[in-house]
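Examination of the molecular architecture
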There are 2 protein chains.
Amino acid sequence: MTRLSAELRRDRLIQAALTVIAREGVHGATTRAIVAEAGMSLASFHYVFPSRDRLIHDVIARVLRDQQQVSFESLETAGSPREAVRLGLDAYFELLSREPERELAMFELMHYAMRNPDFGRLPRVQHASYRATARELLEAGAAQVGFAWSRPVDEVARLLVVMVDGMTVAWLADRDDAAASLVMDFIADSLAAMTVPAMQTLSSTAVAR
Amino acid sequence: MTRLSAELRRDRLIQAALTVIAREGVHGATTRAIVAEAGMSLASFHYVFPSRDRLIHDVIARVLRDQQQVSFESLETAGSPREAVRLGLDAYFELLSREPERELAMFELMHYAMRNPDFGRLPRVQHASYRATARELLEAGAAQVGFAWSRPVDEVARLLVVMVDGMTVAWLADRDDAAASLVMDFIADSLAAMTVPAMQTLSSTAVAR
DNA sequence: GTCTATAACCGGATAGAC
DNA sequence: GTCTATCCGGTTATAGAC
């Protein structure tokens, strides 16, 4: 029909794939389902992607790129480290509750990548990207509220990702909001215990043990 | 060939399925691959299972049943709550390191069940089973080493499962043993902070806040 | 570049002989 | 009860017209 550039077509297919994967799972994201979602023909798919696996690969890469745009808004009203962490967790949980399939899809994509040797180090990169995002948030929170982390921030970021991932897995399985709230309280308490009041003249890294 | 009872045949197929799922993932566990692993014909499969999905369902149920047999041995030498938790975590990590695909398979099975409405509450049950096992270990550890949990043990169990799941996801993605060790130290410290010295005359539940 | 049509294959499930 | 042979729907990928 209308002539589209290969780049635009790739973008649309990746976006459509993400939608279908969230709705039907990686298994249900067949090339047919994806092109139907994108409103194009099956042949057009193979004009821009050599294979379905290559598309899945690029979907993961896209997710990693886009996820960097996290919101720092929720931190602005926090009065204490604990509150800053708790507000950030609330914002995440709100996202998780609104689109559970989206988060489930992230796990499915990671596991799919782990099973396919062609995906190489992508699972590793995906997890590193999560930690990098967590680190940014932790540093932004510290700057915003005025405190420093008493451990290397990379360590704190890893612990945060571990706990948030675990909480997500649990909530996806049992959909227990109250239990998730309990876990978030625990996370907030744990991270708050890793902070020290800010020193004006020293950078936060210099304060770390 | 040799005549087998339906029950025995079911057992063998479930066992074979578990092997194939660990090796190839849920996606790769086709009926053909499973019967090849079990050394029987495709028709035999459908003689005892109405469908592949029903087999997957039963595989999950089997896993839940068998997992109860956890080892309490590692706790015996512990001298403190923190050490007890750390030893338990070491034992788990040893298992994870030895058969990573097995743990990956557990996640895949849970996610597969989440995507299929026919599986009903099975994901919920699966997670509840993990927590129940964690609870048993926590109670055994307290009894063995001689301390009590200062929070409801169900809460502690949930936090433990959340952290262990998160650690597992992270390690499967990046295979970073040192980072996992750091996380296990954190878990041990966190749980140790939730203990109080045992009172001889009161049960541990009576001591909980 | 984009489409329709089809090749080539694979998977779950079944028929029917033994 | 157990097997071989087959059906049938669905999947990726490609051929070839426009």
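Quick caveat: nothing in here was measured; it's all calculated off a predicted structure.

Before going further, it helps to examine the overall build of chain A. Per the secondary structure count, chain A includes 10 helices and 2 strands. Along its sequence from the N terminus, chain A presents helices and strands in the succession α-α-α-α-α-α-α-β-α-α-β-α. Seen through its principal axes, chain A has C-alpha atoms that stretch 60 × 40 × 35 Å. Within chain A, contacts between residues separated by at least 24 positions form 70% of all contacts whose residues are at least 6 apart in sequence. Accessible surface, chain A: about 9,900 Å² in total, of which carbon and sulfur atoms supply 53%. For chain A, the separation between the mean place of its 23 positive charges and that of its 27 negative charges on side chains is 8 Å.

When chain B is fitted to chain A, the residual RMSD is 0.1 Å, and the transformation amounts to a turn of 180 degrees plus an axial shift of 0.0 Å. In the structure described here, the two chain copies are related by an operation that fits a two-fold rotation axis. Residue Gly166 of chain B of chain B places its C-alpha closer to the rotation axis than any other residue of that unit, at 2.1 Å. When the interface residues of chain B are mapped onto chain A, 100% of them are again interface residues, pointing to one common binding face.

Residues and elements named next belong to chain B. At their nearest, the axes of helix α1 (residues 6-28) and helix α6 (residues 100-115) sit 8 Å apart, and the two run at 95 degrees to each other. If you check the angle between α1 and α6, you find them roughly perpendicular. Contacts between α1 and α6 involve Gln15, Leu18, Thr19, Ile21, Ala22, Gly25 and Val26 on the former and, on the latter, Glu101, Arg102, Ala105, Met106, Glu108, Leu109 and Tyr112. Grouping the constituent residues of the contact of α1 with α6 by class yields 8 nonpolar, 3 polar and 3 charged.

All right, on to the packing of α6 of chain B against helix α7 (residues 122-145) of chain B then. All names here are of chain B. Between α6 and α7, whose axes approach to 9 Å, the crossing angle comes to 145 degrees. Judged by residue contacts, Met106, Met110, Ala113 and Met114 of α6 engage Pro123, Gln126, His127 and Tyr130 from α7. Broken down by class, the residue content of the contact of α6 with α7 amounts to 6 nonpolar, 2 polar and no charged.

Here we come to the interface of chain B and chain A. Between chain B and chain A, the residue contacts involve 40 residues of the former and 41 residues of the latter. In total, chain B and chain A occlude about 3,400 Å² of area from one another, counting both sides; carbon and sulfur atoms represent 68% of this. The interface formed by chain B and chain A contains 8 salt bridges. For the salt bridge of Arg131 of chain B with Asp174 of chain A, the shortest nitrogen-to-oxygen distance reads 3.4 Å. There are 12 residue pairs in polar contact (both at pLDDT 80 or more) connecting chain B and chain A. Contributing elements (two or more residues each) for the side of chain B that touches chain A: α1, α6, α7, α8 (153-174) and α9 (177-192) of chain B. Classifying every residue of the side of chain B that touches chain A by side-chain character gives 21 nonpolar, 6 polar and 13 charged.

Attention shifts here to unusual backbone geometry. All names here are of chain A. Although it is not a glycine, Arg175 sits at a positive phi angle of roughly 50 degrees. Here Arg175 is to be found in the loop between α8 (153-174) and α9 (177-192). On the basis of relative accessibility, which here comes to 40%, the residue Arg175 falls in the partly exposed class.

In this section: the pattern of salt bridges. The full count for this structure, using the stated rule, is 38 salt bridges over all chains. Across the pair Arg158 of chain A and Asp176 of chain B runs a salt bridge whose closest N-O atoms are separated by 3.9 Å. One end of the pair, Arg158 of chain A, is in helix α8; the other, Asp176 of chain B, is in the loop between α8 and α9, on a second chain. Residue Arg86 of chain B pairs with Asp185 of chain B through a salt bridge whose shortest N-O separation is 2.8 Å.

Our focus in this paragraph is the packing of aromatic side chains. Ring pairs (aromatic) are described by centroid distance and by the angle formed between their planes. All names here are of chain A. Per the stated rule, a full pass over the model turns up 8 aromatic pairs over all chains. Ring centres of Phe93 and Trp171 lie 5.6 Å apart, and the angle between their planes is 80 degrees; on these two criteria the pair is classed as edge-to-face. Here the residue Phe93 occupies a position in helix α5 (residues 81-98), and Trp171 occupies one in helix α8, the gap between them amounting to 78 residues. Taking the relative accessible area as the measure of exposure, Trp171 reaches 6% and is therefore buried.

Calculation criteria
Residues numbered from 1 in each chain as written. Chains lettered and ligands numbered in written order. Predicted model: local features only at pLDDT ≥ 70, side-chain atom pairs only at ≥ 80, totals over all residues. Heavy atoms only, no water. Helix = DSSP H or I, 4+ residues; strand = E, 2+ residues; numbered from the N terminus. Contact = heavy atoms within 4.5 Å. Areas by Shrake-Rupley, 256 points an atom, 1.4 Å probe, with all protein chains shown as cover. Lys, Arg positive; Asp, Glu negative; His and termini not counted. Charge placed at Lys NZ, Arg CZ, Asp CG, Glu CD. Least-squares fit on C-alpha atoms with pLDDT ≥ 70 in both. Axes fitted to C-alpha atoms, helices over the stretch in contact; angles between N-to-C directions. Parallel < 35°, antiparallel > 145°, perpendicular 65-115°, else oblique. Nonpolar A, V, L, I, M, F, W, Y, C, P; charged D, E, K, R; others polar. Buried area = accessible area lost by both parts, 1.4 Å probe. Salt bridge = Lys/Arg side-chain N within 4 Å of Asp/Glu carboxyl O. Polar contact = N/O pair within 3.5 Å; in protein donor to acceptor, adjacent residues only side chain to side chain. Buried < 20%, exposed > 50% of the residue type's maximum accessible area, 1.4 Å probe, protein only. Phe/Tyr/Trp six-rings, centres within 6.5 Å; stacked < 30°, edge-to-face > 60°.

Treat this as a map of the structure, not an account of what it does.
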